[in-house]
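Structural overview for review
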Amino acid sequence: MERYRTLQIVQKSPSSRVFLLYLNRPSHRNALSREFFTEFPLALSSLDQNPEASVIILCGAGDHFCSGIDLKTLNLITDHSSSSDRGRANERLRREIKFLQDAITAIERCRKPVIASIHGACIGGGVDIVTACDIRFCTQDSFFSVKEVDLGITADLGTLQRLPSIVGYGNAMELALTGRRFSGQQAKELGLVSRVFGSKEDLDESVKLIADGIAAKSPLAVIGTKAVLLRSRDLNVEQGLDYVATWNSAMLLSDDLTEAIKAHIQKRNPVFAKL
């Protein structure tokens, strides 16, 4: 399995189709270094292409999920603007921002579902990451902040684009303009997370069970559901229906459908081929 400096991939058992992807800089509260933005899409792509992996749980090593972008990374970005040619400096800065954005969007490009398992701090860039995930869970004592406004910048890695469709436009505007800290329970009330767990142990155990349940389903149905939901987010209803009709005309008649029907008739659990 690949080795990374800012990440760790863990498969709990050889037979498990659930893989854990850890943000792995615990001594820095998993702050996002420049190296993270290179490694993260590579790690997601490797899991996406791994037929043993059906579901990915994204979590943080140590006491926190993610404390946001590393200030050293911000300094590197501002160094790009030191050129005397303003136009070229700004063009380089735009390319750098697009590079960072692309690393977060890699979560949506990954065909397999990515579940965010959040404990401790989830701040700034951490919110960018979890808003790109497919499902989000957290602990009671976790806390969140769309912090960029307090650093004198406009959040630019996806929160302002993805958060409104998750928590509503008004709530997203308030959270982004105030930069205020909000709790795991408030995140649940806003719809940012689906469930809140009393402890890190409860979170880990429950998220693993949920991931195992998804991993046991038809891989074609799971990746299709993610793909269609993501595409439908940007389409009207008629366009979304047309897209899923095209998708299912290609994917519906599969061995997974046959196996699901047989298993239902025979009152047993279905067994699906890897993808």
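Residues numbered from 1 in each chain as written. Predicted model: local features only at pLDDT ≥ 70, side-chain atom pairs only at ≥ 80, totals over all residues. Heavy atoms only, no water.

At their nearest, the axes of helix H1 (residues 34-49) and helix H3 (residues 86-109) sit 9 Å apart, and the two run at 25° to each other. The angle between H1 and H3 places the two elements in the roughly parallel class. Crossing angle aside, the handedness with which H1 passes H3 is left-handed. Between H1 and H3, the residues in contact are Arg 34, Phe 36, Phe 37, Thr 38, Phe 40, Pro 41, Leu 44 and Asp 48 and Glu 96, Phe 99, Leu 100, Ala 103, Ile 104, Ala 106, Ile 107 and Arg 109, respectively. A per-class count over the contact of H1 with H3 returns 11 nonpolar, 1 polar and 4 charged. (Axes fitted to C-alpha atoms, helices over the stretch in contact; angles between N-to-C directions. Helix = DSSP H or I, 4+ residues; strand = E, 2+ residues; numbered from the N terminus. Parallel < 35°, antiparallel > 145°, perpendicular 65-115°, else oblique. Left-handed = near helix turned anticlockwise from the far one by under 90°. Contact = heavy atoms within 4.5 Å. Nonpolar A, V, L, I, M, F, W, Y, C, P; charged D, E, K, R; others polar.)

A word on the domain arrangement of the protein. Entries for the protein in the domain assignment read domain 1 (7-216) and domain 2 (219-266). The straight-line distance from the C-alpha centre of domain 1 to that of domain 2 is 27 Å. Taking both partners together, domain 1 and domain 2 bury about 660 Å²; carbon and sulfur atoms supply 57% of that area. The salt bridge involving Lys 226 is made with Asp 134; its shortest N-O contact spans 2.9 Å. Our count for the domain 1 to domain 2 interface comes out at 5 residue pairs in polar contact (both at pLDDT 80 or more). When residues of the side of domain 1 that touches domain 2 are traced back to their parent elements, those giving at least two are H3 and helix H5 (159-167). Taken together, the residues that form the side of domain 1 that touches domain 2 break down as 5 nonpolar, 1 polar and 5 charged. (Domains from an automatic or database assignment. Buried area = accessible area lost by both parts, 1.4 Å probe. Salt bridge = Lys/Arg side-chain N within 4 Å of Asp/Glu carboxyl O. Polar contact = N/O pair within 3.5 Å; in protein donor to acceptor, adjacent residues only side chain to side chain.)

Time to look at the sheet that holds strand E4 (residues 114-118). Spatially, the 6 strands line up as an open sheet ordered E1-E2-E3-E4-E6-E9, and their pairing is mixed. Strands with a single pairing partner mark the edges of an open sheet, and in this sheet they are strand E1 (7-11) and strand E9 (195-197). Pairs of neighbouring strands in the sheet enclose a mean axial angle of 25°, with direction left out of account. Sheet analysis places strand E6 (residues 135-139) next to E9, joined by 3 bridges and oriented parallel. Residue pairing in the sheet places Thr 139 in a bridge with Phe 197 of E9. (Pairing = 2+ DSSP bridges.)

Among the surface-exposed residues, Leu 252, Leu 253, Leu 257, Ile 261 and Ile 265 lie close enough to one another that they form a single nonpolar patch of about 520 Å² accessible area. On the secondary structure map, Ile 261 appears in helix H11 (residues 255-265). (Patch = residues over 30% accessible without salt bridge, like charges linked within 9 Å, V, L, I, M, F, W, Y side chains within 5 Å. Areas by Shrake-Rupley, 256 points an atom, 1.4 Å probe, with all protein chains shown as cover.)

The next subject is the pattern of salt bridges. Evaluated as defined, the whole model comprises 17 salt bridges. Linking Arg 233 and Asp 234 is a salt bridge whose minimum nitrogen-to-oxygen distance equals 3.9 Å. If you follow the salt bridges from partner to partner, you end up with Glu 108, Arg 162, Arg 233 and Asp 234 in one network.

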